[in-house]
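# Structural overview for review
Next come the chains, spelled out residue by residue.
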Amino acid sequence: MSGGVLYRPGDSPVHRIPPQVKLLAAFAAVLGVVATPREAFWAFGIDLFVVLAVWSVAGVPVGWFARRAVIEAPFVLLAVVLPFVSGGPRVDVLGVAVSQDGLLAGWNILAKGTLGVLIALTLAATTQPRDLVLGLQRLRAPAWFVTIATLMLRYVDVIAGELRRTRIARISRGDDPRFLWQAGAVARGAGTLFLRSYERGERVHRAMLARGWAGHMPAGPAAPVGALRWVAGGSPALVIATAWAVAAWPV
Amino acid sequence: MTASVAMHLSDGVLDASTSVLFGAVAVAWLAVAAARGRIDVDDRTAPLAGLLAAFLFAMQLLNFPVLPGVSGHLYGGALAAILLGPWVGALCLSVVVVIQALLFADGGLTALGANMTNMALLGTAVGFAVALAARGLARRSRAGLLAVAFLAGLVSTVAASAGFVVEYAIGGQADVSLGGLAGVVIGVHAVIGIGEGVITALAVGAIVRVRPDLIYLVRTSETRELVAA
Amino acid sequence: MGGGRVAGVSALDVRGLTYRYPDGTAVLHGIDLHVEPGERVAVLGPNGAGKTTFVLHLNGVLTGTGHIEVAGLPLSPDTMREIRRRVGVVFQDPDDQLFMPTVADDVAFGPANFGVTEPELGERVRAALSAVGMAEHADRSPMHLSEGQRRRVALATVLASDPELLVLDEPSANLEPVARRELAEVLLSLDRTMLMVTHDLPYALQLCPRAVLIDNGVVVADGPTRDLLADADLLAAHRLELPWGFVPQP
Amino acid sequence: MGGGRVAGVSALDVRGLTYRYPDGTAVLHGIDLHVEPGERVAVLGPNGAGKTTFVLHLNGVLTGTGHIEVAGLPLSPDTMREIRRRVGVVFQDPDDQLFMPTVADDVAFGPANFGVTEPELGERVRAALSAVGMAEHADRSPMHLSEGQRRRVALATVLASDPELLVLDEPSANLEPVARRELAEVLLSLDRTMLMVTHDLPYALQLCPRAVLIDNGVVVADGPTRDLLADADLLAAHRLELPWGFVPQP
Ligand SMILES: Nc1ncnc2c1ncn2[C@@H]1O[C@H](COP(=O)(O)OP(=O)(O)OP(=O)(O)O)[C@@H](O)[C@H]1O
Ligand SMILES: Nc1ncnc2c1ncn2[C@@H]1O[C@H](COP(=O)(O)OP(=O)(O)OP(=O)(O)O)[C@@H](O)[C@H]1O
Ligand SMILES: [Mg+2]
Ligand SMILES: [Mg+2]
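Quantities reported herein were computed from a predicted structural model and do not represent experimental measurements.

## Looking at the interface of chain A and chain C
Many analyses report the size of an interface as the accessible area lost when the parts associate. Taken together, the contact pairs 17 residues of chain A with 19 residues of chain C. Summing both sides of the interface, chain A and chain C together bury roughly 1,700 Å²; the carbon and sulfur share of this comes to 50%. The largest per-residue losses of area from chain A upon contact with chain C belong to A:S172, A:R173 and A:R196, which jointly make up 39% of the total buried on that side. Counting the contacts that link chain A with chain C gives four salt bridges. Taken together, the connections running from chain A to chain C amount to six residue pairs in polar contact (both at pLDDT 80 or more).

What follows is the structure, given as structure tokens:
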């Protein structure tokens, strides 16, 4: 994929962290967030602070993340519903009796889900799609995974291209472009688009084979990542993990 | 907002140990799938898997309208099973789930194992089981094949949502009535599954007309008759 | 065929057309072109000069700034549909043109959209496919044709719509020599206003009495094709030259 | 450059090659072709004859039945990778050939896969792009180039891999006249075994001492290009003819 959908080109220190480091750090950070006991409200505050700090270094505005975070909306709904439908002892909130356990569970999903989305978005915003695959390859993802993922990113462009071509071809011959977006036409068009893209994808695949592709790019001698860069890249995850450790420590 | 996005579990819905448990389930299953279904870069499985992955991914980007007011994306378990078979189908969809989580934050990173189990594994396995059970019908005529594709799409969607209910029962973070949850989640997905089934059938129908050789389910045998039909 | 021509109205009038691609590449820097009804004009120029970009403006596929008028009708969002009926563009890459499941469907698509119904529709499809020698392939999928066959079908899709202004972007590329000559005969027999982008200078000379030379997004020469091709300095300055072994006939 | 040539071993040996597309269209019906090291052979034939289908077999992109041997190595799943290193195919449609985010990445793709590393890799990319006059576009996206520019980049991707056998499918289509001549000069200077599919008969005569004529999936003529092109009946029977205004030089 040449552009990348959520990728925001930039040259910040966050952008420059090797992708394998970023991937591991993101996973560790989210795992730390999820493992944190839900009553440790302060720990989530620290987590949020860490995320905000990474954004300011990366130079990506907060508003951008807020807009993208709506992907989580269905679970926010779940979080809002839980206090009303859960069992257990009740407490009064603004005069309404709600389940105490449900309230905590709702908060838990809201806080962890949101932090998780924000961390994943940070990764997506600062890493090129193909670098993500390269990172996974360096982390020894199985060969089949790298092959399918590499082809997949290529083919997103192929599909977008075929879509654009078909649209131009249609409107040039008097089709009303709005009709393309009507339900029936789209459903029927999906099969045709699939075939068209597949056959071009097949030809692209042949071209790749013809030039010696063997399932993955020769990763080359990946520039060795020094301990310092691992620490720098992993520091946000380290802070989150520390917050978790302190919060989870039995006192 | 698409209803089927709800199937991508976010972080924090399941507790940490359940997340790890289903991560292990997914890895084990995929190891078996990788051993049984080979991705050979030189034959057509690789481009077909890559293209199907990209297609599902692009359909999500486009978020096209299915009905007025309802937009949705194909989640593709049955389509993958019919085109690629149960093993390569599972590999293909697991790539989609992972890349969606990494590139779109769609589905939590710690919920990856659970999401892969539901969508990549249960969805393709059940979709393929249905298609296999009805293979006789699929081979009889074009209409039969489309009916089987529809059914596989419907059932696999419901199966994937049932996976969510089971996971929630094991490691959900609040004690809600499981019966109620199951009713709502499975009910909603039965409706979504109709759309999934229709699109699966239309896609398979378009493909069998021009490139019957791409359909795993019928590839081995009487493809000629199908084309003629 | 065609529509009655209004006296005194030119077939195409382009003034000060500029365009920049979304990625920032500025390509057209003020194109001016005036074509009279019935003229056949060759559009010449080196690779990357902006010929295709220019041509894609003529039916509103791209929209730059400037003024475009087809047979007296200024191009605007309101007139777009009527303009597309009048102007038929054969794209440089036939894959950009073909998208229906069968060749016959593809050729019928344009006229059907512009309101042609059976039995005339079937008649037009047959005539267009015969003109390009592809009648026997009517029921195949355009995706499964050879490059030259696709090129011919692409041409048929436009001929079937019977446009007043025919715009062809490299129509002879990938055609076998006989098909190339037959295409020339078809085009000459049409008696339609025509704009033809080509790198094949003898072909331009054979088909088009007039030629314009575009380079770097502006028209740098405009005149009788014979005169342009005789000006070796002009040609050389814009990476054009007559091919090896070609001897212009007196 | 090249590899040492083993005496007595032919560069390409094809025997009884047949192929049918997945949709059932039978295209090749037994192709036989024998090419000596260093020969330059033009592949001629009408649209839909099967030229592209044939060419796609030479590096295992399509696999029909029959026997193919490249420099003594029979094509089989085991030797596929080595064969692909030896044979470079420039596809007819550059859109099928280009897939990387930038022109430079695309040109580097082949050599990198075959184990060429920096600094040689960068050197090869630069040399190949200069040879086709596209060095200044190295950092652009191949999708945002004009048709002729893409064609040249497609050629550069193959030149960069420095194959022993160079196979070109319509290399001059959509090229401006000067680029067309420059391509001829580059190809002549390479001194490599070469197969060139073309509809441009003067270009074939200029570049290739030998020509084969394919029609309907079989080789129907094989001999010196000059003799083939002088046989007007043969040409006419296969929809070929010399272009208007072309006068063969003595
Ligand atoms: N989609 C695009 N985005 C950005 N730049 C583009 C795009 N398409 C073309 N260009 C650039 O615009 C310029 C003109 O392109 P155009 O396709 O109009 O050239 P052309 O004269 O038709 O060339 P050719 O003879 O090779 O077909 C070129 O420099 C090209 O690289
Ligand atoms: N993908 C495909 N599926 C089915 N048939 C095909 C496919 N591609 C080509 N054909 C058919 O195979 C025959 C040979 O096609 P091929 O592309 O090899 O011709 P060609 O000699 O290269 O022609 P051209 O000069 O037009 O490029 C044609 O009849 C064509 O319609
Ligand atoms: Mg052009
Ligand atoms: Mg061809």
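## Description of the coordination of the magnesium ion (ligand 4)
All names here are of chain D. Surrounding the magnesium ion (ligand 4) are the protein donor atoms T52 (OG1) and Q92 (OE1), which sit 1.9 to 2.1 Å from the metal. Taken together, the residues span a long stretch of sequence, with T52 in helix α1 (residues 51–55) and Q92 in the loop between β6 (87–90) and α3 (94–97) at a distance of 40 residues. Among the residues examined, T52 registers a relative accessible area of 27% and is labelled partly exposed. The buried category is assigned to Q92, whose relative accessible area is 10%.

## Notes on the sheet that holds strand β8 (residues 193–197) of chain C
All names here are of chain C. The sheet built from six strands is open, its strands ordered β6-β7-β8-β3-β9-β10 with mixed pairing. Every other strand in the sheet has two partners, leaving β6 (87–90) and β10 (218–224) as the edge strands with one partner each. Mean inter-strand twist for the sheet, computed between neighbouring axes without regard to direction, equals 15°. Sheet topology places strand β9 (residues 210–215) next to β10; six bridges connect them, and they run antiparallel. Across the sheet, D215 pairs through a bridge with V218, a residue of β10. Here helix α5 (residues 147–161) sits on the sheet and contacts β6 and β7 (165–169); the angle it forms with β6, its principal contact strand, is near 175°.

## Considerations on the pattern of salt bridges
The tally for this structure, following the rule as stated, stands at 49 salt bridges over all chains. Linking D:D93 and A:R200 is a salt bridge whose minimum nitrogen-to-oxygen distance equals 3.8 Å. Linking D:D93 in the loop between β6 and α3 with A:R200 in helix α10 (residues 183–210), this pair reaches from one chain into another. Owing to a relative accessible area of 3%, D:D93 belongs among the buried residues under this scheme. Overall, the relative accessible area of 7% leaves A:R200 in the buried class. Ionic pairing is found between C:E241 and D:R181, a salt bridge with its closest N-O pair at 2.6 Å. Pair noted here: C:E241 is in the segment after α9 (232–237) and D:R181 is in helix α7 (residues 177–190), and the two residues belong to different chains. Relative accessible area serves as the criterion here: at 22%, C:E241 is assigned to the partly exposed category. It is possible to trace a salt-bridge network through shared partners that takes in A:E162, A:R196, A:R200, A:R203, C:D95, C:E147, C:R150, D:D93 and D:D96.

## Details of the environment of B:G193
All names here are of chain B. Relative to the helices and strands, G193 resides in helix α7 (residues 178–210). Sequence separation of G193 and V155 is 38 residues, and the distance between their C-alpha atoms is 7.0 Å. The residues touching G193, leaving out its near neighbours within four places in the chain, are G153, L154 and T157.

## Comments concerning the confidence of the model for chain C
All names here are of chain C. Summarising the model, chain C shows a mean pLDDT of 90, and 96% of its residues fall at 70 or more. Counting contacts from residues 1–5, a segment whose pLDDT is below 50, to residues more than four positions away or on other chains yields six contacts. Our summary of model confidence lists the complex with pTM equal to 0.83 and ipTM equal to 0.81.

## What to know about the site of ligand 2
Ligand 2 sits among 21 residues. The nearest are C:S146, C:G148, D:K51, D:T52 and D:T53. Those residues lying near ligand 2 are distributed over chains C and D. When the free accessible area of ligand 2 is taken as 630 Å², the share hidden by the protein chains comes to 91%. Elements represented by at least two residues in the shell around ligand 2 include exactly α5 of chain C together with α1 of chain D. A class-by-class count of the residues in the shell around ligand 2 yields five nonpolar, 12 polar and four charged.

## Examining the site of ligand 1
Taken together, 21 residues surround ligand 1, and among them C:K51, C:T52, C:T53, D:S146 and D:G148 come closest. Nearby residues around ligand 1 are contributed by chains C and D. Taking C:N47, its side chain carries an N or O atom lying 2.9 Å from an oxygen atom of ligand 1. The contact in question runs from an oxygen atom of ligand 1 to an N or O atom on the side chain of C:T52, over 2.6 Å. For ligand 1, whose free accessible area comes to 640 Å², the fraction covered by protein is 91%. Of all the secondary structure elements, the ones that give two or more residues to the shell around ligand 1 are α1 (51–55) of chain C together with α6 (147–161) of chain D. Grouping the amino acids of the shell around ligand 1 by side-chain chemistry returns five nonpolar, 12 polar and four charged.

## A few points about the sheet that holds strand β5 (residues 73–74) of chain C
Residues and elements named next belong to chain C. In space, the four strands of this open sheet follow the order β2-β1-β4-β5, with antiparallel pairing throughout. With one partner strand each, in any of the chains shown, β2 (26–35) and β5 form the two edges of the open sheet. The pairing of strand β1 (residues 12–20) with β2 spans seven bridges and is antiparallel. Across the sheet, residue R20 finds its bridge partner in β2, namely A26.

What counts as what
- Residues numbered from 1 in each chain as written.
- Chains lettered and ligands numbered in written order.
- Predicted model: local features only at pLDDT ≥ 70, side-chain atom pairs only at ≥ 80, totals over all residues.
- Heavy atoms only, no water.
- Contact = heavy atoms within 4.5 Å.
- Buried area = accessible area lost by both parts, 1.4 Å probe.
- Salt bridge = Lys/Arg side-chain N within 4 Å of Asp/Glu carboxyl O.
- Polar contact = N/O pair within 3.5 Å; in protein donor to acceptor, adjacent residues only side chain to side chain.
- Donors = N, O, S within 2.8 Å, 3.2 Å for Na, K, Ca; no water.
- Helix = DSSP H or I, 4+ residues; strand = E, 2+ residues; numbered from the N terminus.
- Buried < 20%, exposed > 50% of the residue type's maximum accessible area, 1.4 Å probe, protein only.
- Pairing = 2+ DSSP bridges.
- Axes fitted to C-alpha atoms, helices over the stretch in contact; angles between N-to-C directions.
- pLDDT = per-residue confidence, 0-100.
- Near = heavy atom within 4 Å.
- Areas by Shrake-Rupley, 256 points an atom, 1.4 Å probe, with all protein chains shown as cover.
- Nonpolar A, V, L, I, M, F, W, Y, C, P; charged D, E, K, R; others polar.

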